[in-house]
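# Observations on chain architecture
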Amino acid sequence: MAVHSDSASSGKKSSNGPNELLTFNAENMQNNMKIIYYSRTFLSIIGGVVAGILGFTGLKGFVFYLLLMGLTSLGLVAKAGFSTHTYFDSWNRVLLDGFLGGLMSFVLFWTFAYDIVHIF
């Protein structure tokens with residue numbers, strides 16, 4: 001993951017006083033958000049296939065998705081060293097971005113895998 005850039009990147013050391021503002025590199029932030037989006041989409045697809053193969057139906061499948069996204073968020077925060085403000089502008093981005101897009105992919109592959117394994 002890419003780290004934000006400090007305002008003292010020109011080689012000068014500055015004190016981390018209360019009035020100093022952290023600056024974020026927009027490209028690094030965009031790259032980090034892409035990583036979150038791709039990770040959630042990939043794990044949603046894999047989770048949907050697993051839920052379909054295991055035969056989850058109804059609420060069990062959605063609970064499985066919530067657990068999967070919780071583990072994904074925990075993994076992303078652990079990858080960031082539990083310091084989300086170093087890599088992202090808000091911790092909400094780590095927890096919630098890509099949640100609904102991942103849900104659509106999950107349901108698509110969940111029903112597809114369930115149909116192939118249990119119906120056909």
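Residues numbered from 1 in each chain as written. Predicted model: local features only at pLDDT ≥ 70, side-chain atom pairs only at ≥ 80, totals over all residues. Heavy atoms only, no water.

An unreviewed UniProt entry lists the protein under the name ER membrane protein complex subunit 6, with Flemingia macrophylla given as the organism. Annotation of the protein in UniProt includes, under Sequence similarities (unreviewed entry), the sentence "Belongs to the EMC6 family." Reading the Subcellular location (unreviewed entry) entry of the UniProt record for the protein gives the comment "Endoplasmic reticulum membrane". (UniProt positions renumbered as here; feature names shortened; annotations may be inferred.)

A few words on the pattern of salt bridges. This model, assessed by the stated rule, comprises 2 salt bridges. A salt bridge links R93 to D89; the shortest N-O distance between them is 2.9 Å. A salt bridge links R93 to D97, with the nearest nitrogen and oxygen atoms 3.5 Å apart. The exposure class of R93 is partly exposed, given its relative accessible area of 32%. (Salt bridge = Lys/Arg side-chain N within 4 Å of Asp/Glu carboxyl O. Buried < 20%, exposed > 50% of the residue type's maximum accessible area, 1.4 Å probe, protein only.)

Attention now goes to the environment of I53. One can find I53 in helix α1 (residues 26–54). Among the residues examined, I53 registers a relative accessible area of 46% and is labelled partly exposed. Between the C-alpha atoms of I53 and F112, which are 59 residues apart in sequence, the distance is 9.5 Å. Setting aside residues no more than four positions away along its own chain, I53 makes contact with A113, V117 and H118. (Helix = DSSP H or I, 4+ residues; strand = E, 2+ residues; numbered from the N terminus. Contact = heavy atoms within 4.5 Å.)

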